[in-house]
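# Tertiary structure, described
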Amino acid sequence: MPAIERFADAGHTLDDFSDHFFVECPSCSGRALVRQGDHRLLCTRCHHTEMPGRWYGAWRLYVSRRCSVCGTHGSRSVETDQQRDKLLLRCSECGDEREYRAQGTHLQRNKGLVTDSVYGLPLWLQGEFQGELCWAFNPEHLDYLRRYVGAKLRERGILPRNTIRKNSSMLSRLPGFIKKARNREALLRFFDQLEQR
Ligand SMILES: [Zn+2]
Ligand SMILES: [Zn+2]
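In this report, we go over the structure that sits alongside the text. (Residues numbered from 1 in each chain as written. Chains lettered and ligands numbered in written order. Predicted model: local features only at pLDDT ≥ 70, side-chain atom pairs only at ≥ 80, totals over all residues. Heavy atoms only, no water.)

## Some points on the sheet that holds strand S2 (residues 21-24)
To keep things clear, this is the line we draw: The criterion for strand pairing is that DSSP finds at least two bridges linking the strands in question. Counting from the N terminus, the helices are the DSSP runs of H or I reaching at least four residues and the strands are the DSSP runs of E reaching at least two.
Pairing in this open sheet of 4 strands is antiparallel, and the strands run S2-S3-S4-S5 from one edge to the other. What marks the edges here is a single partner per strand, and that holds for S2 and strand S5 (49-50). Note that S2 and strand S3 (residues 31-34) share 4 bridges and pair antiparallel. Along S3, the bridge assignment pairs glutamate 24 with arginine 31.

Listed below in structure tokens is the structure:
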């Protein structure tokens, strides 16, 4: 890879890269593309395809309500990747135990892997680098990180100069290990491995 001498942080945010992404296919675990726009999933290996609707990832389910026997308030929350909408709640006062309809919020990780926000499937481009999870939405995102790491001279300027975007710039929020010069060579090899997955 040719060394890039200069690199200007164009002020990209994660949102700029999250419009399409590679995930693990729910059918064959191969590489699937979730395309831009309608977010249809298309597997390049088994040709499985589906539209958004089902969540494969982890949830936090919670119930907060009064016991239907004695009226004492109780609450409970669990993290799970099972598809269910009810939670068992035991009353601390009368001991009544029953299932109540639960509310759920999607979690961004499942079994230690980063998942996408549409299907909850593991992002394809991810792996551990020196004990830290490192990931990219798509090859363009990976290439952006690679150019950043590969740059010998980093310009601090944000282009276009836009103060609103400045604080949300993705590069300003990268973990420290990516910014350390001594990691540069190893990190570039790691990015190459990710891309060849
Ligand atoms: Zn597949
Ligand atoms: Zn009760």
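## Regarding the sheet that holds strand S7 (residues 73-80)
Note the cut-off: Comment: axis = line fitted to C-alpha atoms, over the contacting stretch for helices; angle = value between 0 and 180 degrees taken between N-to-C directions.
Strand order in the open sheet made by the 3 strands is S7-S6-S10, with antiparallel pairing throughout. Each edge of the open sheet carries a strand with a single partner, namely S7 and strand S10 (103-106). Across the sheet, the axes of successive neighbouring strands diverge by a mean angle of 20°, strand direction being ignored. As paired strands, strand S6 (residues 59-66) and S7 are joined by 8 bridges and run antiparallel to one another. Each residue of the ladder has a partner; that of arginine 66, found in S7, is histidine 73.

## A short note on the pattern of salt bridges
Quick reminder of the rule: For this analysis, a salt bridge means a side-chain nitrogen from Lys or Arg found within 4 Å of a carboxyl oxygen belonging to Asp or Glu. Residue burial is assigned from relative accessible area. The probe radius is 1.4 Å, only protein chains are included, and a residue is buried under 20% of its type maximum, exposed over 50%, and partly exposed in between.
For the structure on display, the rule yields 10 salt bridges. Ionic pairing is found between arginine 60 and glutamate 79, a salt bridge with its closest N-O pair at 2.6 Å. One end of the pair, arginine 60, is in strand S6; the other, glutamate 79, is in strand S7, and 19 residues separate them in sequence. By relative accessible area, arginine 60 is classed as partly exposed at 32%. Within this structure, Asp143, Arg146, Arg147, Asp192 and Glu195 form a network of salt bridges that share partners.

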